[in-house]
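Notes for the structure review
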Amino acid sequence: MDILIDGAWVYANGSLHIGHIAGLLSGDIIARYYRLAGEQVCYVSGSDCHGTPVTIRAKASGQSPEAISDQYHDEFVRCFNYLGFSYDYYGKTSSKGHKAFVMAFHQKLYESPHIYEKAEPTPYCDHCGRFLPDRLVVGVCPNCAGICRGDQCDHCGQISEAPDIIDIQCSDCGHVPRFITSKHLYLRITDFEKELTYLVNDSIGWRKNAICFTNRYINEGLRDRAITRDLDWGIDVPKDGYTDKKIYIWAENVLGYLSSSYLAVGCDQEVFQRIWSQDARHYYVHGKDNIPFHSIILPALLLASGEKYRLPSHIMY
Ligand SMILES: [Zn+2]
Ligand SMILES: [Zn+2]
C-alpha cells in the first residue's frame, strides 16, 4: 500500500522551537513504522516561504522576503538533518518545482465551475501605501471578541474575513485602513458541503479534535474563500487581469503535499497517480491552528480540480 505522510510546512519566518518538533515528530514515527512494515512510504514536507508572516519578518529585519525565507529554510534543513528526521523530500514553496506545479494546478482550476470572480472591499493602508491582506491587519474577532488577524482568529480558530473584523487596524503602523474594491478569484467551497460533510463523518482516521473543529465550521455555514491576494510576494496568478496579484498562501502551500510527492518520486506520473489514488492512505501531521486549512480548504481545492485526488484519510491533530 502507498502511504503518504504530509508533515506541516513550517513558516520560514523564525527559528524552529521545541513545539514545532513535538508537533512534527509523529509524522516521522509513522514513516518509520510503515517502512519497517514493508509499505511504500512517501514522507514529505517543506518550508512555507510565502505570505504575510514572511513579509512582516523581512520588513522587520531589513531583508528581502526571498533572503529571509531562504535563510530560515537552510536552518530548518540543518535542524531536521541533525535531529534525524527521515523525510523522503523536504522542499520549499519558493522553489521552481513547487511554483510550476501550483501554477499548472491553478490554471486548470480556473476553468472549473467552482471558481468565480468577485470584487470585494479590501483593506488598504494610506500610511503604508499598500493593501493589507491576512496578517497585515489586526482587530477584534466578531466570533469570540479575542484579538484576531485578517486570515484567522488565534483564540477561537475561526477563519476571518477583513470586512467582519471589529476595530480593524494596520498591523504595521496602527492606522485604520479604508476599504477599496479589488477583484479576486474565489473558490466556491459551498459547492462541496455534501462531500465535506461526508468526508468528516466517514473518516475513521481523523482525530476527534479535527472532527469536532471541522463539524463546527460546516455547521456554522461554509463560506467561499478568495484564493488571490493583493501582495508582491508569492506565486503569480496564471490568469489575465491578475498580474498584480499573488495566489493566497493557503491555496498554494497545501498543494505542496502534491508538488513534493511528485518531486519525491522523480516526477514519475504513474507513481504519483498511485500515491494520490483512492487506494493510498494519507496522513496529515500538523498543529490545531491548521485544521480548517487541511480539513476544508485542501479537500475543496482537490475536489474542484476534478482530478479525483485522494482526500485526507488521516488527520493527526
Ligand atoms: Zn499601515
Ligand atoms: Zn475568535
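What you are looking at is a predicted structure, and each value in this text was computed from that prediction instead of being measured.

Conventions we followed
- In this convention, every chain numbers its residues from 1, walking through the sequence in written order.
- The lettering of chains begins at A and the numbering of ligands begins at 1, in the order of writing.
- The predicted nature of this model means local features are confined to residues of pLDDT at least 70 and side-chain atom pairs, given and counted, to a pLDDT of 80 or more, with totals for whole chains, interfaces and linings taken over all residues.
- Hydrogens are left out, water is left out, and the side-chain values use all remaining heavy atoms of the structure.
- Here the coordinating atoms are restricted to nitrogen, oxygen and sulfur within 2.8 Å of the metal centre, or 3.2 Å for Na, K and Ca, and because water is not among them the sites may look incomplete.
- Any coordination sphere not matching a tetrahedral pattern (four donors, all angles between 85 and 135 degrees) or a square planar or octahedral pattern (four or six donors, opposite donors over 155 degrees apart, other angles between 65 and 115) is reported as irregular.
- In this description a helix means any DSSP run of H or I spanning at least four residues, a strand means any run of E spanning at least two, and both kinds are numbered starting from the N terminus.
- Three exposure classes are used, based on accessible area relative to the maximum for each residue type with a 1.4 Å probe and protein chains only: buried under 20%, partly exposed in between, and exposed over 50%.

1. Some points on the coordination of the zinc ion (ligand 1)
Within the protein, Cys-125 (SG), Cys-128 (SG), Cys-170 (SG) and Cys-173 (SG) serve as the donor atoms for the zinc ion (ligand 1), at 2.2 to 2.3 Å. Because the angles between the 4 donor atoms bound to the zinc ion (ligand 1) fall within 101 to 117°, the donor set is best described as tetrahedral. Each donor residue of the zinc ion (ligand 1) belongs to the same chain, with the gaps between them written as C-x2-C-x41-C-x2-C. Taken together, the residues Cys-125 in strand β5 (residues 115-125) and Cys-170 in strand β9 (residues 166-170) connect sequence positions 45 residues apart.

2. Some words on the coordination of the zinc ion (ligand 2)
Those protein atoms acting as donors to the zinc ion (ligand 2) are Cys-141 (SG), Cys-144 (SG), Cys-153 (SG) and Cys-156 (SG), and they sit at 2.3 Å. Coordination at the zinc ion (ligand 2) is tetrahedral: its 4 donor atoms span angles of 104 to 114° at the metal. Counting along the primary sequence, the residues that act as donors to the zinc ion (ligand 2) give the motif C-x2-C-x8-C-x2-C. A residue is classified by how much of its surface remains accessible, and Cys-144, at 33% relative accessible area, is partly exposed.

3. Side note on unusual backbone geometry
For Ala-145, which is not a glycine, the phi torsion comes out positive at approximately 70°. Relative to the elements of secondary structure, Ala-145 occurs in the loop between β7 (137-140) and β8 (147-149). Assessed through its relative accessible area of 58%, Ala-145 is described here as exposed. Phi is positive for Asp-167, close to 50°, though the residue is something other than glycine. Turning to its location among the elements, Asp-167 is positioned in strand β9. Given a relative accessible area of 59%, Asp-167 falls into the exposed group.

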